[in-house]
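# Secondary and tertiary structure notes
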Amino acid sequence: MERIDNLKSNFTEEHKYLLAKKRVEKIKGFYVHLAVYIIVNIFISAIIIYGLASDSNGEYGFKGAITHFGTYSTWLFWGIGLFFHWLGVFGTNLFFGKDWEKKKIEKYMNDHQF
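Residues numbered from 1 in each chain as written. Predicted model: local features only at pLDDT ≥ 70, side-chain atom pairs only at ≥ 80, totals over all residues. Heavy atoms only, no water.

Quick look at the overall build of the protein now. If you tally the helices and strands in the protein, you get four helices and zero strands. The linear arrangement of helices and strands in the protein, starting from the amino end, is α-α-α-α. Taking as baseline every contact in the protein between residues at least 6 positions apart, the subset at least 24 positions apart corresponds to 59%. For the protein, the exposed surface amounts to about 9700 Å²; the carbon and sulfur share of it is 66%. (Helix = DSSP H or I, 4+ residues; strand = E, 2+ residues; numbered from the N terminus. Contact = heavy atoms within 4.5 Å. Areas by Shrake-Rupley, 256 points an atom, 1.4 Å probe, with all protein chains shown as cover.)

Rendered as structure tokens:
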């Protein structure tokens, strides 16, 4: 019987380790995605700003190139995808965590206004 309990304990520890490892890999993947997002978008924005500012027509100039929607459109649309990746990794319960409801109930129970 002791051997079975020992095997169950080892299985549980290994299972916890594998879940923790998977979680760390997801978090690492998100941070790699974030780094690529920043580096690539800086590069794309610089190319767009340079292209618009040095246009032979002189239509935009540097100020017009900085304020042009095309300069930031990749940031916006890829950022939406990055946001959903963040939600997938960190979950939606960041603001209303597991203990949030419990703490609020205890707070209102201790509040003498009721």
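Resuming the write-up.
Here we come to the packing of aromatic side chains. Counted under the stated rule, the structure contains nine aromatic pairs. One aromatic cluster in this structure is built from Phe 30, Tyr 31, Phe 83, Phe 84, Trp 86 and Phe 90. (Phe/Tyr/Trp six-rings, centres within 6.5 Å; stacked < 30°, edge-to-face > 60°.)

Taking 1.5 Å per residue, 22 residues should reach 32 Å; helix H3 (residues 69-90) reaches 30 Å between its end C-alpha atoms and fits that length. Maximal helix bending in H3 amounts to about 25 degrees, located at Gly 79. Buried within H3 are the following residues: Gly 70, Thr 71, Ser 73, Leu 82 and Val 89. A positive phi of about 80 degrees marks Gly 91, the residue just after H3. (Expected span 1.5 Å × (residues − 1). Bend = angle between axes of the 7 residues up to and from the residue. Buried < 20%, exposed > 50% of the residue type's maximum accessible area, 1.4 Å probe, protein only.)

A few words now on the pattern of salt bridges. Within this structure, the stated rule accounts for one salt bridge. For Glu 13, the salt bridge is made with Lys 16, and the minimal N-O distance between the two is 3.9 Å. Of this pair, Glu 13 and Lys 16 are both found in helix H1 (residues 2-53), three residues apart, which corresponds to roughly one turn of the helix. (Salt bridge = Lys/Arg side-chain N within 4 Å of Asp/Glu carboxyl O.)

In this section: the side chain of Ser 45. Mapped onto the elements of the fold, Ser 45 is located in helix H1. Setting aside its immediate chain neighbours within four residues, Ser 45 contacts Thr 71 and Trp 75.

Below, the discussion takes up the environment of Val 40. On the secondary structure map, Val 40 appears in helix H1. On the accessibility criterion, Val 40 (30% relative accessible area) is partly exposed. A C-alpha to C-alpha distance of 9.6 Å links Val 40 and Thr 74, two positions 34 residues apart in sequence.

This part takes up a nonpolar patch on the surface. A contiguous nonpolar patch, built from Phe 69, Leu 76, Phe 77, Ile 80, Phe 83 and Phe 84 and spanning about 650 Å² of accessible area, is present on the exposed surface. Here Leu 76 lies in helix H3. Under the relative-accessibility criterion, Leu 76 is labelled partly exposed at 42%. (Patch = residues over 30% accessible without salt bridge, like charges linked within 9 Å, V, L, I, M, F, W, Y side chains within 5 Å.)

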